[in-house]
Amino acid sequence: MIKVSVNGYGTIGKRVADATLKQPDMELVGVAKTSPNYEAMVAFKRGMRIFVPKESKDKFIGAGIEPSGTIDEMIDESDVVVDATPNGVGAEYKKIYVEKGKPALFQGGEKSNVGEMSFSALCNYDEAVGKKYLRVVSCNTTAMLRSICTVNKVSQVKKVRGTVIRRAADPKEYKKGPINALVPDPASVPSHHAKDVNTVLKDLDIITMAVISPTNLMHVHLLDIELEKEVTREEILKQVLSTPRLVIVPGKAGINSTAELVELARDLGRERNDIPEVMIFEDSIYVKGKEVFMMYAVHQESIVVPENIDAVRAVSGIRESINVTNTSMGIRK
Ligand code: NAD
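Residues numbered from 1 in each chain as written. Predicted model: local features only at pLDDT ≥ 70, side-chain atom pairs only at ≥ 80, totals over all residues. Heavy atoms only, no water.

Undergrad: Sorry if this is basic, but what is going on with the packing of aromatic side chains here?
TA: Think of a pair of aromatic rings as described by two things: how far the centres are apart, and how the planes are tilted against each other in angle. Summed over the entire model, instances satisfying the criterion amount to 4 aromatic pairs. Geometrically, the ring pair formed by Tyr97 and Phe106 is tilted, given 5.9 Å between the ring centres and 45° between the ring planes. Look at Tyr97 and you get buried, because its relative accessible area is 0%. Under the relative-accessibility criterion, Phe106 is labelled buried at 0%. Ring pairs connect the aromatic residues Tyr93, Tyr97 and Phe106, which therefore count as one cluster. The ring centre of Tyr133 lies 5.1 Å from the NZ or CZ of Lys94, which sits over that ring. (Phe/Tyr/Trp six-rings, centres within 6.5 Å; stacked < 30°, edge-to-face > 60°. Buried < 20%, exposed > 50% of the residue type's maximum accessible area, 1.4 Å probe, protein only. Lys NZ or Arg CZ within 6 Å of the ring centre and 35° of its normal.)

This is how it looks when you write it as structure tokens:
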């Protein structure tokens, strides 16, 4: 069993912890919390071991949460640490992981040099096997890479032009905005998403633009992918349909928006309304000669969770992961 701990129990961390509990070959050592808030209380009540900064022990005990030890002790007990702390904090923790000789995963908010490589399971799992420090790319980059590497199986991708319509905040974030504007992010081109895709597909000609939109449910991407040779729409559809983690949203389903996608997740009884699959609108797939167009939605809170689980196996030297992760998490094709 791979002993996994989660440092930073927020939006991403809590989902990775739950996914870890579902893996047949993993054991959750525990999660690190810095304050005894409602998230810490729920995790504790659910039986997770809570590890805290040394100086905060009394604060947690006072709040009715008995810590199982310090964050340092949690790291010592772990085979792999999944770091899901806020942007930049992971890079600080890296010194401790290195000092203790512990493999660790970082998230997309960290600079790309925090890991030995940026990770996208469908694009570069094999290359990641045996590495010690991986950065799981961000939600937008994860979705873009899954899509590009899938289309690349039909014909080599030559060029990508993409637009990212970003959600302004996660549902729990009440201080972020905008609430009444569409904001170019940044106003200059290209947006950082292209650069991030290039950390995985180094030679790809890709330019992206991004706009922040006043919504908190999902992102939407508009991609224009140019291929080496002419393909048919059927070939693209067939490839997408046979690739896990990408789902075709049928035109006849009556789903025209991210609001209805999240409602679907609710109706399906998905935990936390999560949608870890890239949701491609069927009718948006359009092929003209060597060009493929598509629009899809990305559930920012959960899309990177399967990749984190795969990355745990990769740094543990395990050559096969994607199918086990998909089955254990109930991920659809
Ligand atoms: P979050 O704020 O929801 O969670 C971060 C957690 O880390 C919080 O619980 C916070 O209390 C805790 N924390 C803060 N300082 C800490 C410390 N010193 N030690 C231990 N824990 C500490 O953030 P998030 O949205 O889960 O983002 C985490 C990472 O994942 C970032 O790199 C982010 O860019 C990336 N990411 C976020 C999303 C998203 O949409 N939320 C999607 C993909 C990737």
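Undergrad: In this structure, what is going on with unusual backbone geometry? I would like to understand it.
TA: Leave glycine aside and you will find that most residues have negative phi; peptide bonds, for their part, are mostly trans. Omega for the peptide link from Gly177 to Pro178 comes to 5°, which places this bond in the cis form. Turning to its location among the elements, Pro178 is positioned in the loop between β9 (157–167) and β10 (183–184). Cis geometry marks the peptide bond from Val189 to Pro190; its omega dihedral reads 0°. (Helix = DSSP H or I, 4+ residues; strand = E, 2+ residues; numbered from the N terminus.)

Undergrad: Explain the site of the ligand to me, please; I cannot follow it from the model alone.
TA: Near the ligand there are 21 residues, and of these Ile12, Asn87, Tyr93, Asp170 and Lys172 occur at the shortest range. The separation between a nitrogen atom of the ligand and a polar side-chain atom of Asp170 is 2.6 Å. Between the ligand and the protein, one listed contact pairs an oxygen atom with a side-chain N or O atom of Lys172 at 2.8 Å. The protein chains hide 81% of the 830 Å² of surface that the ligand would expose on its own. For the shell around the ligand, the secondary structure elements donating two or more residues are α1 (11–21) and α5 (89–100). Taken together, the residues that form the shell around the ligand break down as 7 nonpolar, 10 polar and 4 charged. (Near = heavy atom within 4 Å. Polar contact = N/O pair within 3.5 Å; in protein donor to acceptor, adjacent residues only side chain to side chain. Areas by Shrake-Rupley, 256 points an atom, 1.4 Å probe, with all protein chains shown as cover. Nonpolar A, V, L, I, M, F, W, Y, C, P; charged D, E, K, R; others polar.)

Undergrad: What should I look at first to understand the packing of helix α6 (residues 121–128) against helix α11 (residues 305–315) in this one?
TA: Angle between the axes and distance between the axes: these two values describe a pair of packed helices. For the pair α6 and α11, the least separation of the axes is 10 Å and the interaxial angle reads 15°. Taken together, the axes of α6 and α11 are roughly parallel relative to one another. Here α6 runs over α11; the crossing is right-handed. Residues Ala121, Tyr125 and Ala128 of α6 pack against Glu307, Asp310, Arg313 and Ala314 of α11. Per-class residue counts for the contact of α6 with α11 are 4 nonpolar, no polar and 3 charged. (Axes fitted to C-alpha atoms, helices over the stretch in contact; angles between N-to-C directions. Parallel < 35°, antiparallel > 145°, perpendicular 65-115°, else oblique. Left-handed = near helix turned anticlockwise from the far one by under 90°. Contact = heavy atoms within 4.5 Å.)

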